[in-house]
Amino acid sequence: MSLVANSNITKQKLLKECLAQEQEIQIHVLRAFNLTDRSASLLTEEINDEDNIAGFKVRPLRPFVSLSYRGVSAQTSTAIGCHPTWNYTVKLKAKFEPLSSIHINIYDECKDNVTETYSEDKSTQSTVHYRKTNKWLGAISVPLHTVLNLGSVCGTFKINTPPMEFGYESMSSKDDQALVPEVMQLMRQDTSLLAIQITTTLSHLGGCQTYCQPVPTHPQDDFIIQHLNKFVTDYVNDYPTRNISLTFIDSGGRNKCVAEFLQSVPIPVYEPSDPKKAESALSKSSGHSKSSSSKSSGFEAWRNEGNELAKSIDAAVRYVSLIPTYDVSESHVVTLMGVELLKVLYGSPLDHTILLASYFINLGIKCWVVIGFGLPRGQSSYVLVKYLKNKVLTVNDQIKTGGIFKKTDGYIWYIYDAASGERFELREIGCPLKIVSYVFDSENIWVNTQVSQACERMSFDFSISSDWQNVFNKPLFVTRPITIDSLYSKPGDVENLRLNLETKIKTKIQKWRSHIKTIWNRYCSSLLKEMLPHYEYWAFNPLEARPTLGNRLKQLTATYKIFGFPLNMPYINAKLIISSVKSTSIHVNDDPNVEFGLAVEVYAYPNNVLSVWVFLACITRI
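Since this is a predicted model, take the numbers as computed values, not measurements. (Residues numbered from 1 in each chain as written. Predicted model: local features only at pLDDT ≥ 70, side-chain atom pairs only at ≥ 80, totals over all residues. Heavy atoms only, no water.)

## Thoughts on the packing of aromatic side chains
Alright, step 1. For the structure on display, the rule yields 28 aromatic pairs.
Alright, step 2. Relative to Tyr-414, the ring of Tyr-387 has its centre 5.0 Å away and its plane inclined at 75 degrees; by these criteria the two rings are edge-to-face. In this pair, Tyr-387 sits in strand E16 (residues 378-388) while Tyr-414 sits in strand E18 (residues 411-417), placing the two residues 27 residues apart along the sequence. For the pair Tyr-387 and Tyr-414, a shared accessibility class is recorded, and that class is buried.
Alright, step 3. Each residue in the set Trp-368, Trp-413, Trp-446, Phe-460, Phe-462 and Trp-468 is aromatic and connected to the rest through ring pairs, giving one cluster.
Alright, step 4. Lying over the aromatic face of Phe-261, Lys-256 brings its terminal NZ or CZ to 5.4 Å of the ring centre. (Phe/Tyr/Trp six-rings, centres within 6.5 Å; stacked < 30°, edge-to-face > 60°. Helix = DSSP H or I, 4+ residues; strand = E, 2+ residues; numbered from the N terminus. Buried < 20%, exposed > 50% of the residue type's maximum accessible area, 1.4 Å probe, protein only. Lys NZ or Arg CZ within 6 Å of the ring centre and 35° of its normal.)

## Comments concerning helix H14 (residues 574-583)
Alright, step 1. Among the residues making up H14, those that are buried are Ala-574, Ile-577, Ile-578 and Val-581. For H14, the buried positions fall inside an angular range of 95 degrees around the axis, keeping them on one side.
Alright, step 2. Contact partners of the buried residues in H14: helix H11 (495-512), strand E23 (560-570) and strand E25 (609-621).
Alright, step 3. Among the residues trailing H14, Ser-585 stands out with phi positive, at a value near 60 degrees. (Arc of directions from axis to C-beta. Contact = heavy atoms within 4.5 Å.)

## Some details on the pattern of salt bridges
Alright, step 1. Taken as a whole and assessed by the stated rule, the structure comprises 12 salt bridges.
Alright, step 2. Glu-495 serves as the salt-bridge partner of Arg-498, at 2.9 Å between the closest nitrogen and oxygen. One end of the pair is Arg-498 and the other is Glu-495, both in helix H11 and three residues apart, which spans about a single turn.
Alright, step 3. Residue Glu-502 is joined to Arg-498 by a salt bridge in which the shortest nitrogen-to-oxygen separation is 2.9 Å. Here Glu-502 pairs with Arg-498, and both are found in helix H11, just four residues apart, close to one helical turn. In terms of burial, Glu-502 and Arg-498 fall into one category: buried.
Alright, step 4. By sharing partners, the salt bridges in this structure join Glu-495, Arg-498, Glu-502 and Lys-506 into a single network. (Salt bridge = Lys/Arg side-chain N within 4 Å of Asp/Glu carboxyl O.)

## Description of the nonpolar core
Alright, step 1. Core analysis: the largest hydrophobic core is formed by 79 residues, its most contacted members being Leu-246, Tyr-359, Phe-360, Val-385, Tyr-438 and Ile-445.
Alright, step 2. Examining the composition of this core, we find that nine residues originate from one element, helix H12 (residues 522-540), more than from any other.
Alright, step 3. Judged by nonpolar contacts, the second largest core, of 69 residues, contains Leu-19, Tyr-168, Phe-563 and Leu-567. (Core = buried A, V, L, I, M, F, W, Y, C linked by side-chain atoms within 4.5 Å.)

## Examining the sheet that holds strand E1 (residues 22-33)
Alright, step 1. In space, the four strands of this open sheet follow the order E7-E1-E12-E10, with antiparallel pairing throughout. Each having just a single partner strand, strand E7 (85-95) and strand E10 (152-158) make up the two edges of the open sheet. Going across the sheet, the axis of each strand differs from the next one's by a mean of 20 degrees, ignoring polarity. (Pairing = 2+ DSSP bridges. Axes fitted to C-alpha atoms, helices over the stretch in contact; angles between N-to-C directions.)

## Overview of helix H5 (residues 222-238)
Alright, step 1. Between its first and last C-alpha atoms H5 spans 24 Å; for 17 residues at 1.5 Å apiece the expected length is 24 Å, and the two agree.
Alright, step 2. For H5, the elements touching its buried residues are strand E13 (247-249), strand E14 (255-257), strand E21 (445-448) and strand E22 (468-470). (Expected span 1.5 Å × (residues − 1).)

## Remarks on empty space enclosed by the protein
Picture a little ball the size of a water molecule; that probe, rolled over the atoms, points out where space is still empty.
Alright, step 1. Scanning the model with the defined rule gives one cavity of 30 Å³ or more in all.
Alright, step 2. Empty space within the largest cavity amounts to approximately 30 Å³. (1 Å grid on protein atoms, 1.4 Å probe; cavity = no way out; pocket = protein on both sides within 12 Å on 5 of 7 lines; lining within 4 Å. Points joined across faces, edges and corners; volume = space filled by probe spheres on them.)

## A short note on the sheet that holds E23
Alright, step 1. Sheet architecture is open: three strands sit in the order E23-E25-E24, paired in antiparallel fashion. The open sheet terminates on both sides in strands that have one partner only, identified here as E23 and strand E24 (595-605). Here the strands of the sheet are splayed against their neighbours by 10 degrees on average, with no regard to which way each runs.
Alright, step 2. As judged from the 11 bridges shared by E23 and E25, these two strands associate in the antiparallel manner. Within the sheet, the bridge partner assigned to Asn-568 lies in E25 and is Trp-613.
Alright, step 3. Of the strands in this sheet, E23, E24 and E25 are in contact with helix H8 (residues 308-321), which crosses E25 at around 85 degrees.
Alright, step 4. Each of E23, E24 and E25 is contacted by H12, which is oriented at about 35 degrees to E24, the strand it contacts most.

## Observations regarding the environment of Ile-578
Alright, step 1. Tracing the backbone shows Ile-578 in helix H14.
Alright, step 2. For the pair Ile-578 and Lys-504, spaced 74 residues apart in sequence, the C-alpha to C-alpha distance is 8.1 Å.
Alright, step 3. Once you skip the residues sitting within four places of it in the chain, Ile-578 turns out to touch Lys-504, Ile-505, Lys-508 and Trp-512.

## Description of the packing of H8 against H12
The axes of two packed helices give the description: the angle between them and the distance between them.
Alright, step 1. Running from N to C, H8 and H12 cross one another at 115 degrees; their axes reach a closest spacing of 8 Å. The angle between the axes of H8 and H12 places the two elements in the roughly perpendicular class. Note on element contacts: H12 touches H8 through Glu-536, Ala-539 and Phe-540, opposite Asp-314, Ala-315, Arg-318 and Tyr-319.
Alright, step 2. The residue inventory of the contact of H8 with H12, partitioned by class, reads four nonpolar, no polar and three charged. (Parallel < 35°, antiparallel > 145°, perpendicular 65-115°, else oblique. Nonpolar A, V, L, I, M, F, W, Y, C, P; charged D, E, K, R; others polar.)

This is the structure:
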């Protein structure tokens, strides 16, 4: 114990000293899977000789990866197709800041034919050259503290992509024959993935996490804390390479058992109005629609339609994901309970996980919180639930649990990432959870005692004592339900915020394009704005059909070549929203005839939790 502790203390001291000097990040970009393909509208461009290699026609998609850290950037070479391979290493030198992130953006390099005529006789006095434009496909953000803590990070990351892109579409199943069929079964068609490895010049100082026994801070905690200390000491003796801590620090600075942080918290009653119904009603009356930015709660009719539990789950997941998060680089930070996060409205991913699990408990869903290693955050937490025949299991379902991969039981395990609002099946390739240390609910804790910690090779039957060791022999904690009184405040008016954001984004884009005039197409902007209520409604109801382009937008694509996408994010400040817009590089277009469309909407929900949509597009006449 002393040798290991001294070694780790030395590593941490050296790491802090090295952070004062410039260091190097090495990012090895291996390959990507399932990138969105160019749609038929973009494939009508003139085909040149580069579309044929050794006599075989190849896909026109030309993806490359741009990597940046604290103002220093580099990019890979250009690859080919929707499943490209780069096998390319990028090096970035900068002064490290643990709370910063490495930003990874994927672009498609497009070429437009440009003909210049030097006389009236076009057949003799003209030349053809190409104008390159990079079209953004998606992004990944990797916290630097994850790389520093682990030494190196290697894995397949899910690419964050917009819900739609003009000129691009998901690949059809007939185009996936090149991949192994078993691999495609574990990959969702709408999920893009990137395989990378990140190391630094400080990688030899990684992996210095140790377990620090919590000290009882209250007489009532003596029994529980001492029991947890003894349990973890025995566990670490049996598994020396596994570091776990079964306590969190609460808002009062006390060490508490992780199971004590879960309680039943009622979800707020709210949901965006269905824009299709609103538009049909308005068309019957005045034919004009109001701005949807200030519409908010009070939609009881929604709860009586369809599957109430499934919709409540989607609404709870969406609401929690709209609460802003911050990265945590230290293990000894305060962890908030669900009701505390609703008051502060700013928390760590773990805080979000606890709030989402508390919502699930209130809905009667049997769930657990998983603590382990995940991508890209490193030490991570998720909400674990079990499904049977597309139905989530509740505490009232008296069904015997079975192994995770037994074909006879029919169970499917899912995790919810509370910070991003996404659900993943444990077996799918894009699942961020890689290693499981322990799970807990509001009554007990189960520690992984299996040979493997990799979630795809584990059994999740907590009743098997050889696979999972329960910390307590009997439930010690009683969850007290929280009343909804004064828990949620009414949404506020956000129209001024929407106008300010729209003005700031326009001003910044014009500044970034200072060498050329920026023309705003009002008609295109109005059409984009009409789409945003549909996307906000769909975000709360992902079981509904994904929004499609309206008739007027389709008509616009007949005369204009359009590229653009909607971006959605929680609201923290305008600077982060503008930074997200800039990273897409949609403003980098040297075509003198290009015009831009912009739509911004802000939706307010109880406690003034805000959802911001920015729909930006560039258009050129065909």
